[in-house]
Number of protein chains: 2
Amino acid sequence: MDVNTERSVFYISDGTAITAEVLGHAVMSQFPVATHGVTLPFVETVQRAQAVKAQINALYQQSGLRPLVFISIVTPVIRDIILQSDGFCQDIVQSLVGPLQQELGLLPAPVANRTHGLTAGNLSKYDARIAAIDYTLAHDDGISLRGLEDAQVILLGVSRCGKTPTSLYLAMQFGIRAANYPFIADDMDNLKLPAALKPFQHKLFGLTIEPERLAAIRQERAENTRYASLRQCRLEVGEVEALFRTQQIRYLNSTNYSVEEIATKILDIMSLTRRMY
Amino acid sequence: MDVNTERSVFYISDGTAITAEVLGHAVMSQFPVATHGVTLPFVETVQRAQAVKAQINALYQQSGLRPLVFISIVTPVIRDIILQSDGFCQDIVQSLVGPLQQELGLLPAPVANRTHGLTAGNLSKYDARIAAIDYTLAHDDGISLRGLEDAQVILLGVSRCGKTPTSLYLAMQFGIRAANYPFIADDMDNLKLPAALKPFQHKLFGLTIEPERLAAIRQERAENTRYASLRQCRLEVGEVEALFRTQQIRYLNSTNYSVEEIATKILDIMSLTRRMY
């Protein structure tokens, strides 16, 4: 890090700092400045907060540039210590609470809410999330075709098109029980929808991918094999897309999308309810 | 939904809407009002934006209560349509960009940045994330003790203490290659650190859990078994905690923490770098 040209950006929270970090990055990406990021989660004590304040102030002294500080801190006494630092501080939650206060004609009644926390109130919802992860792992990659009646979505596609990460993200982020089933090279001569999947037509969702990207991904795993050849990738993708169309299975091309985007699009298209954790 | 007493809250984005939803919930939790949430991701076209605007306005007409609207929309023309609705709109990114503009003495140069998007610039980082998920799945639950030199952290603990969800979250959210290894009932007579793990002492991290909570979790899976009995849970937790102490393995009690909190604490304690996706 070069303290004289890069702007220091702090993401500080008395929780995980995940939201401060994600939102702070989105904000900073709007400005053409080189930055050096420091994420400080679990700043929960006065002592720790004072050490962080000293760290911010020292950086300012050293560089002559005010550090930029994004905070998400629930406890007022901790928040105030950071706000008294020499950094340019913005509270990502409070900056939205203020205007709402007027609109609602209500004073905020802050509870020590941990955005990504576990409380008596959300424990059963949390258990459902863990159960969704268990379900998804047990139904990854066609391991088990039993219990598919409990799936909320069944992803289909060729090997390495993104089924597993998408299934896990759906379970982890949204508590969705997501099974997935792969079509492999041996299926291609006479590609059909497996009989075990037919009763669940309404839950099926296809993933496809550009053959060039697929070949590149497969090369990483198994260089110079038929499996990773562009020819084979083209064949598999062509056959599987044809199956999606003849069976009227909704599908999505994953090539240019992140796991977050694929998962969110699937929920949207299939009208599945997003749970929040 | 009762339109006359519940306040409608919209979370709208031209991306996944994940950040708008998480932050909006945190803001709303500060106020003692009953709400009904509607999340609308991928509002990317003028047509869709106008339909959303009409939906907001109709709800206002119907209920007499202004809907509250949290938006995270990159494209100005789309954003402006929503801002012209009758809702009480707050842009979660722009509300922080404005003040920063002054501090930096710079105009924002918004690129169509997708917070959870895939671009040419982050593709190799994204591939590393998928590789971390692959690694973590291949090293879940002690499946493989080969290649542990590539792990960044190896979680240890009894069955159902949270190792698998935590490992997957570390991989998914932060791109960390996380292996995990379970101690089972048969190990308890003479609990030792497996020889295969000894070379990686510095990567080991223990998870523990209150026996009562562990028994409740195990009962869900295997009611009225020795495995799920409080007596067995107490025995296993006691033995494993003793091992952590004698082997000087850092550990954490997962009972009252979410996956996000456990994962973030592990990164913090082990000084592992958080990657952003």
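Residues numbered from 1 in each chain as written. Chains lettered and ligands numbered in written order. Predicted model: local features only at pLDDT ≥ 70, side-chain atom pairs only at ≥ 80, totals over all residues. Heavy atoms only, no water.

## Details of the packing of aromatic side chains
Here the structure, examined in full by the defined rule, presents eight aromatic pairs over all chains. A ring pair is formed by Y169 of chain A and F174 of chain A, whose centres lie 6.1 Å apart and whose planes are at 75°; its orientation type is edge-to-face. Judged on exposure class, the residue Y169 of chain A and its partner F174 of chain A are both buried. Note that K265 of chain B overlies the ring of F42 of chain A, its terminal NZ or CZ placed 4.0 Å from the centroid. (Phe/Tyr/Trp six-rings, centres within 6.5 Å; stacked < 30°, edge-to-face > 60°. Buried < 20%, exposed > 50% of the residue type's maximum accessible area, 1.4 Å probe, protein only. Lys NZ or Arg CZ within 6 Å of the ring centre and 35° of its normal.)

## Considering the sheet that holds strand β1 (residues 7-13) of chain A
Residues and elements named next belong to chain A. Judged by pairing direction, the sheet is parallel, and its four strands sit side by side in the order β2-β1-β3-β4 without closing on themselves. Looking at strand neighbours, the two that pair on one side only are β2 (35-40) and β4 (88-91), the edges of this open sheet. In this sheet, adjacent strand axes meet at a mean angle of 20° when their direction is disregarded. Pairing between strand β3 (residues 68-72) and β4: four bridges, direction parallel. Within β4, the position partnered with L68 by the bridge is F88. Packed on one face of the sheet, helix α1 (residues 18-28) meets β1, β2 and β3 and runs near 150° to β1. Packing against the sheet, helix α2 (residues 46-63) makes contact with β1, β2 and β3, and its axis sits at approximately 170° to β1. (Pairing = 2+ DSSP bridges. Helix = DSSP H or I, 4+ residues; strand = E, 2+ residues; numbered from the N terminus. Axes fitted to C-alpha atoms, helices over the stretch in contact; angles between N-to-C directions. Contact = heavy atoms within 4.5 Å.)

## Details of the pairing of strand β5 (residues 153-158) of chain A
All names here are of chain A. Within β5, six of the six residues are buried, which leaves it mostly tucked inside the rest of the structure. Summarising the sheet, β5 and strand β6 (residues 178-183) pair through six bridges and their orientation is parallel. Note that in β6 the partner of L155 across the bridge is N180. Once the chain exits β5 it traverses helix α6 (residues 163-174) before rejoining the sheet at β6, and the crossover so formed is right-handed. Bridge analysis of β5 against strand β7 (residues 204-208) gives three bridges, and the strand direction is parallel. Bridge pairing in β7 links L156 to G206. (Right-handed = clockwise from strand over helix to strand, strands pointing away.)

## Topic: the domain arrangement of chain A
Domain assignment breaks chain A into domain 1 (7-104) and domain 2 (120-269). Distance from the C-alpha centre of domain 1 of chain A to the C-alpha centre of domain 2 of chain A: 39 Å. (Domains from an automatic or database assignment.)

## Regarding the interface of chain B and chain A
Between chain B and chain A, the residue contacts involve 80 residues of the former and 81 residues of the latter. Summing both sides of the interface, chain B and chain A together bury roughly 7,400 Å²; the carbon and sulfur share of this comes to 65%. Contact with chain A buries area across many residues of chain B, yet Q30, F31 and L96 of chain B alone supply 10% of it, more than any other trio. One can count 14 salt bridges joining chain B with chain A. With a shortest N-O distance of 3.1 Å, R274 of chain A and E21 of chain B are connected by a salt bridge. Taken together, chain B and chain A are joined by 20 residue pairs in polar contact (both at pLDDT 80 or more). Elements represented by at least two residues in the side of chain B that touches chain A include exactly α1 (18-28), β3 (68-72), β4 (88-91), α4 (94-104), α5 (123-138), α6 (163-174), α7 (211-221) and α9 (259-269) of chain B. Of the residues contributing to the side of chain B that touches chain A, the split by class is 42 nonpolar, 20 polar and 18 charged. (Buried area = accessible area lost by both parts, 1.4 Å probe. Salt bridge = Lys/Arg side-chain N within 4 Å of Asp/Glu carboxyl O. Polar contact = N/O pair within 3.5 Å; in protein donor to acceptor, adjacent residues only side chain to side chain. Nonpolar A, V, L, I, M, F, W, Y, C, P; charged D, E, K, R; others polar.)

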